[in-house]
Amino acid sequence: MFLPRAENPTRQPRLGAHGVRYKLFEEVVAKLLSKKRLKPEFVQIPGPPIPYCNEAEWPFHLLPQEARVMGYGRGQLQGIRAVRKENQIRCLIQCVLAMMNPENHDQEKVEIIDFAGGSGHLAIPLALLLPCQCNVTIVDLKAASLQFVHEKALQFCTDEYTSGECDDITEMFKYPKNKQVTDHDHIKRKCRGIPNLFTFHGSIDSYKESFDIGVSLHACGEASDLVLRACGEEGACIVVAPCCVGKLNEKAHDPYVYHATGENRATITYPQSLAFREILSIDNTDAWNALAKAADYSDWDEMRSVRNASRRTAKALLETDRTLFLQERYHYQTALTRMDPWESSPKHDIILAWPSEKWSPFHGTYAQGIPDSECQADIKSAQQFLLQRSASISDRDGETDLVDWTLQERKLVEQKIRNFI
């Protein structure tokens, strides 16, 4: 026997366009967007260095083939997956370079930490592009990934080496068969072949050395927030592209938390910023859970359409909570940008943050970055639909219903209803 869903008698359902009842996450998005200071504001991603502004292959044309994601070697990818991953890496490298002050020629090397950097897809190109300017350290929980980094680095040795050196690397990361998930040796190791590349086997918050820039590409769920905190405590600049925001849902288990602590208990309470907590109480987890679940958006085919704009806006709101948290706790300057092109990944939002006394990634007239009109139009689409604004939005790709239906789909459903009646 099916029982009707219990309704909260104190919660009055809101109706959207055409009298359709809002989903819970849409109610939350509408509530947040009604507060001007919580509305996500996007800026254009910093561009490549001036000499390479018009170079489509930058920075990969400057790297040996073995350092690229695209290829047929061990750990490399082919086809559209490789193109997308290299686009992601390019965008983060652009942001990292924008964080580095080009006028400081006499200072020590910039220390860059690639948190949850895995097998070095981002760290190896960074280290090879900036051999004199920076040291790059990969911090990761997986010994096998770090072992692979050292094996790959051997390919770049300028002197002769023997196959026995790979055996030494295997021995370096050898653990007993009864190894626990939390067994990390917390040792920093230098990679032979790339002198400015290092690895550290341990959790994000176990890395205690000082650093200048923290970067993370798609650290899962709560791990991205641990990166933000690690950078904030160190006073380091931040380049973070979060991932798997659905795991911020209180009911979801985050594999990073388990492998770091051996438990499934979250270590961070959401929302994080005081500004968001004024609207979404930390005691009312249903609203946040609905927002996080909806924000885990991964539809490649509708990336630039107005369909599901509310879900993309839910993701942008989660990132806005993070930027507001950085402003409140660490007094950082922050900016929210997106990978170019958007199709690089459904998880294309990038958080940039830096202490006010440090070099800004944006300069000149637009000290806070150039507003990104396409991103803002996407937010406006959701805002106008959910807040039932009377202003119309121009038809894009033949779609006039801003979230759930294309015009063609709506006509098809209407026809089926008529036939049924």
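Residues numbered from 1 in each chain as written. Predicted model: local features only at pLDDT ≥ 70, side-chain atom pairs only at ≥ 80, totals over all residues. Heavy atoms only, no water.

K.L.:
What is the right way to read the overall build of the protein from this model?
P.N.:
Across its full length, the protein carries 12 helices and eight strands. Residue burial in the protein is summarised as follows: out of 421 residues, 51% are buried. In the protein, the share of contacts with a sequence separation of at least 24, taken over all contacts with a separation of at least 6, comes to 69%. Total accessible area on the protein stands at roughly 21,100 Å², and carbon and sulfur atoms take up 51% of it. (Helix = DSSP H or I, 4+ residues; strand = E, 2+ residues; numbered from the N terminus. Buried < 20%, exposed > 50% of the residue type's maximum accessible area, 1.4 Å probe, protein only. Contact = heavy atoms within 4.5 Å. Areas by Shrake-Rupley, 256 points an atom, 1.4 Å probe, with all protein chains shown as cover.)

K.L.:
What should I look at first to understand the state of the cysteines in this one?
P.N.:
Here, disulfide denotes a covalent bond that connects the sulfur atoms of two cysteines. Under the defined criterion, the tally for this structure stands at zero disulfides. Of all cysteine sulfurs, the one in Cys95 lies closest to Cys91, which takes part in no disulfide; the gap is 7.0 Å. A disulfide-free cysteine, Cys243 has its sulfur positioned 3.4 Å from the sulfur of Cys244, the nearest such atom. For Cys243, a relative accessible area of 13% translates into the label buried. (Disulfide = S-S within 2.5 Å.)

K.L.:
Any chance you could explain the environment of Lys109 here in plain terms?
P.N.:
Position of Lys109 among the secondary structure elements: in the loop between helix H2 (79-99) and strand E1 (110-115). Residue class for Lys109 comes out partly exposed when judged on its relative accessible area of 34%. Distance in space between the C-alpha atoms of Lys109 and Val136 is 9.8 Å, their sequence separation being 27 residues. When near neighbours in sequence (up to four residues on either side) are disregarded, Lys109 contacts Pro131, Cys132, Gln133, Cys134, Asn135, Asn196 and Asp212.

K.L.:
Is there a simple way to explain the sheet that holds strand E7 (residues 332-338) in this structure?
P.N.:
The strands that make up a sheet pair up through hydrogen bonds in the backbone, lying either parallel or antiparallel. Taken in spatial order, the eight strands of this open sheet run E3-E4-E2-E1-E5-E6-E8-E7, and their pairing is mixed. Each having just a single partner strand, strand E3 (188-190) and E7 make up the two edges of the open sheet. Across the sheet, the axes of successive neighbouring strands diverge by a mean angle of 20°, strand direction being ignored. Packed onto the sheet, H2 meets E1, strand E5 (213-220), strand E6 (237-243) and strand E8 (349-355) and runs at close to 155° relative to E5. Here helix H4 (residues 143-153) sits on the sheet and contacts strand E2 (134-140), E3 and strand E4 (197-201); the angle it forms with E4, its principal contact strand, is near 165°. (Pairing = 2+ DSSP bridges. Axes fitted to C-alpha atoms, helices over the stretch in contact; angles between N-to-C directions.)

K.L.:
Whenever I open this one, the confidence of the model for the protein confuses me. Can you help?
P.N.:
Detail in the predicted coordinates should be disregarded across regions flagged by low pLDDT. Per-residue pLDDT for the protein has a mean of 82; in total, 79% of the residues score no lower than 70. Contacts from residues 1-7, a stretch scored under 50 in pLDDT, to residues over four places away or in other chains number two contacts. Taken together, the stretch residues 389-403 has pLDDT below 50 and engages in 36 contacts with residues farther than four places along the chain or on a different chain. (pLDDT = per-residue confidence, 0-100.)

K.L.:
Can you walk me through the layout of surface pockets in this structure?
P.N.:
Over the atoms rolls a probe the size of a water molecule, and its path tells where empty space is left. Counted as a void, the largest pocket has a volume near 980 Å³. When residues of the lining of the largest pocket are assigned to their parent elements, the largest contribution, four residues, is made by H2. A breakdown of the residues in the lining of the largest pocket according to their chemical character gives 21 nonpolar, 10 polar and four charged. (1 Å grid on protein atoms, 1.4 Å probe; cavity = no way out; pocket = protein on both sides within 12 Å on 5 of 7 lines; lining within 4 Å. Points joined across faces, edges and corners; volume = space filled by probe spheres on them. Nonpolar A, V, L, I, M, F, W, Y, C, P; charged D, E, K, R; others polar.)

K.L.:
Please clarify how the pairing of E5 should be interpreted in this entry.
P.N.:
The side chains of a regular strand alternate, first on one face of the sheet and then on the other. E5 sits mainly inside the fold: eight of its eight residues count as buried. Pairing analysis gives three bridges linking E1 to E5, with the strands arranged parallel. The partner of Ile112 across the bridge, within E5, is Ile213. When E5 meets E6, the two strands line up parallel, connected through six bridges. In the sheet register, Ile213 faces E6, and the bridge partner there is Cys237. In terms of handedness, the path from E5 via helix H6 (residues 222-234) over to E6 forms a crossover that is right-handed. (Right-handed = clockwise from strand over helix to strand, strands pointing away.)

K.L.:
I keep staring at the pattern of salt bridges and nothing clicks. Help me out?
P.N.:
Proximity of charged atoms lets side chains of opposite charge pair with each other. The final tally for this structure, using the stated rule, is 14 salt bridges. Residue Asp296 is joined to Lys347 by a salt bridge in which the shortest nitrogen-to-oxygen separation is 3.7 Å. A residue pair is termed long-range when its members are at least 10 positions apart, and Asp296 in the loop between helix H9 (285-295) and helix H10 (309-330) and Lys347 in the loop between E7 and E8 qualify at 51 residues. Given a relative accessible area of 28%, Asp296 falls into the partly exposed group. Linking Lys315 and Asp349 is a salt bridge whose minimum nitrogen-to-oxygen distance equals 3.3 Å. In this pair, Lys315 sits in helix H10 while Asp349 sits in strand E8, placing the two residues 34 residues apart along the sequence. The burial state of Lys315 is the same as that of Asp349; both residues are buried. (Salt bridge = Lys/Arg side-chain N within 4 Å of Asp/Glu carboxyl O.)

K.L.:
Help me understand H10 in this model?
P.N.:
Every α-helix carries 3.6 residues per turn, so stepping three or four residues along brings you back to the same face. Taking 1.5 Å of rise per residue, 22 residues should cover 32 Å, and H10 covers 31 Å from first to last C-alpha, within 8% of that figure. In terms of burial, H10 is a largely internal element, 18 of the 22 residues being buried. (Expected span 1.5 Å × (residues − 1).)

K.L.:
So what exactly am I meant to see when it comes to the packing of aromatic side chains here?
P.N.:
We describe a pair of aromatic rings using the distance from one ring centre to the other and the angle between the two ring planes. This model, assessed by the stated rule, comprises seven aromatic pairs. Ring geometry for Tyr270 against Trp288: centres 5.6 Å apart, planes inclined by 10°, an arrangement best described as stacked. With Tyr270 in the loop between helix H7 (255-261) and helix H8 (274-277) and Trp288 in helix H9, this pair connects stretches of sequence that are 18 residues apart. Its relative accessible area of 10% is what places Tyr270 among the buried residues. Since its relative accessible area comes to 3%, Trp288 is described here as buried. In this structure, Arg338 packs its charged tip against the face of Phe42, placed 4.5 Å from the ring centre. (Phe/Tyr/Trp six-rings, centres within 6.5 Å; stacked < 30°, edge-to-face > 60°. Lys NZ or Arg CZ within 6 Å of the ring centre and 35° of its normal.)

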